[in-house]
Amino acid sequence: MSTTVQRVAIVTGGARGIGAATAVRLAREGRAVAVLDLDEAACKDTVDRVTADGGTALAVGCDVSDTEQVSAAVGRVAAELGPPVVLVNNAGVLRDNLLFKMSDDDWDTVMNVHLRGAFLMSRACQKHMVDAGFGRVVNLSSSSALGNRGQANYATAKAGLQGLTKTLAKELGKFGITANAVAPGFIVTDMTAQTAARVGMDFEDFQKAAADRIPVQRVGRPEDIANAVAFFTGEDAGFVSGQVLYVAGGPLN
């Protein structure tokens, strides 16, 4: 019988979509999972999915762009589940617009949630990882990091997360901590539904058009991303760090 200590994972933006799928998958990998989102009540469905599967999960409300809330959330996770040594920075928002229509708030909101949020969460969790001599950080980038019309803010934030990932890998590697990024292509989520609405397309037609352009001839599912995250956060991935994996059904970069 295994005597491996149950590791604690935090998944931000865990109430739905990729975050929810990732929380469920990591719980199946034997992690105790803290499901963070802006609205704690919205995390209930994800927590219920984990516990129904026999796993351990905790719902935590947190604005990842707020230093005090991040500190309190990570402290609560450490107290109630144990020291968090796996961190998935998935929280994100869209404020799409063409450059000449993009407001200061559109820019700042996206930067604050994606970049500042990942920075604050990584900084708050790294002490627990250093103390444990083990850590896994996975940042959710995007194919939009390569540039995407109407997403100057989002594309910049997602590209920035790749730079953060590589820097964390260099700074924290000697402590047994790896940092990697997963960059999804077209994944069926509420956010891609919002994009379809923005460009005035029926969501089903939007998905079909995307699938036609993807070499494997289908759009992605949240579980496709969760599978990649599970690899990067695993015990056996200790020699893989500073990498960006595009999960997009074909080559992008």
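Note that this is a predicted model, so its numbers are computed, not measured.

Engineer: Got a minute to help me understand the overall build of the chain in this structure?
Structural biologist: Helices and strands together make up the secondary structure of the chain, namely 8 helices and 7 strands. For 253 residues, the compact-globule estimate of 2.2 N^0.38 gives 18 Å, and the C-alpha radius of gyration of the chain, at 17 Å, lies within 12% of that figure. Its C-alpha atoms give the chain principal-axis dimensions of roughly 50 × 35 × 35 Å. Restricting the contact set of the chain to residue pairs at least 6 apart, pairs at least 24 apart contribute 71%.

Engineer: Is there a simple way to think about the pairing of strand 5 (residues 135-140) in this case?
Structural biologist: Consecutive side chains of a regular strand alternate in pointing toward one face of the sheet and then the other. In terms of burial, strand 5 is largely enclosed, as 6 of its 6 residues are buried. Of the two faces of strand 5, the one carrying Gly-135, Val-137 and Asn-139 and the one carrying Arg-136, Val-138 and Leu-140 are both buried. In the sheet, strand 4 (residues 84-89) pairs with strand 5 via 4 bridges, with the strands oriented parallel. What sits directly across from Leu-87, in strand 5, is Val-137. Handedness of the strand 5-helix 5 (residues 152-172)-strand 6 (residues 177-184) crossover: right-handed.

Engineer: Teacher, can you tell me more about the nonpolar core here?
Structural biologist: Among soluble globular proteins, nonpolar side chains are generally buried collectively. Ranked by size, the top nonpolar core spans 58 residues in total, and within it Ile-10, Leu-26, Leu-36, Met-121, Val-182 and Ile-225 carry the most contacts. With residues up to four places along the chain from it excluded, the contact list for Met-121 reads Ile-10, Thr-12, Leu-36, Val-64, Val-70, Val-74, Leu-87 and Asn-89. In this structure, Ala-196, Ala-211, Ile-214 and Val-219 belong to the second largest nonpolar core, which totals 7 residues.

Engineer: Which parts of the structure should I look at to understand the pattern of salt bridges?
Structural biologist: According to the stated counting rule, one finds 13 salt bridges in the structure shown. A salt bridge links Arg-31 to Glu-235, with the nearest nitrogen and oxygen atoms 3.2 Å apart. Taken together, the residues span a long stretch of sequence, with Arg-31 in the loop between helix 1 (17-28) and strand 2 (32-37) and Glu-235 in the loop between helix 8 (222-232) and strand 7 (244-247) at a distance of 204 residues. With a shortest N-O distance of 2.7 Å, Asp-48 and Lys-44 are connected by a salt bridge. Placement of the pair is Asp-48 and Lys-44 together in helix 2 (residues 44-52), with a separation of 4 residues, close to one helical turn.

Engineer: Is there a simple way to explain the side chain of Thr-195 in this structure?
Structural biologist: Tracing the backbone shows Thr-195 in helix 6 (residues 190-198). In this view, Thr-195 contacts Leu-94, Asp-96 and Phe-206; residues no more than four positions away in its chain are not counted.

Engineer: Any chance you could explain the packing of aromatic side chains here in plain terms?
Structural biologist: For any two aromatic rings, the description comes down to two numbers: the centre-to-centre distance and the angle of the planes. Going through the model one piece at a time under the given rule, you end up with 2 aromatic pairs. Their ring planes at 55° and their centres at 5.5 Å tell us that Phe-186 and Phe-206 sit as a pair that is tilted. Of this pair, Phe-186 sits in the loop between strand 6 and helix 6 while Phe-206 sits in helix 7 (residues 203-213), placing them 20 residues apart in sequence. For Phe-186, a relative accessible area of 17% puts it in the buried group. A relative accessible area of 14% means that Phe-206 is categorised as buried. On the numbers, 5.5 Å between centres and 50° between planes, the contact of Phe-231 with Phe-232 is tilted.

Parameters at a glance
- Residues numbered from 1 in each chain as written.
- Predicted model: local features only at pLDDT ≥ 70, side-chain atom pairs only at ≥ 80, totals over all residues.
- Heavy atoms only, no water.
- Helix = DSSP H or I, 4+ residues; strand = E, 2+ residues; numbered from the N terminus.
- Rg over C-alpha atoms; globule rule 2.2 N^0.38 Å.
- Contact = heavy atoms within 4.5 Å.
- Buried < 20%, exposed > 50% of the residue type's maximum accessible area, 1.4 Å probe, protein only.
- Pairing = 2+ DSSP bridges.
- Right-handed = clockwise from strand over helix to strand, strands pointing away.
- Core = buried A, V, L, I, M, F, W, Y, C linked by side-chain atoms within 4.5 Å.
- Salt bridge = Lys/Arg side-chain N within 4 Å of Asp/Glu carboxyl O.
- Phe/Tyr/Trp six-rings, centres within 6.5 Å; stacked < 30°, edge-to-face > 60°.

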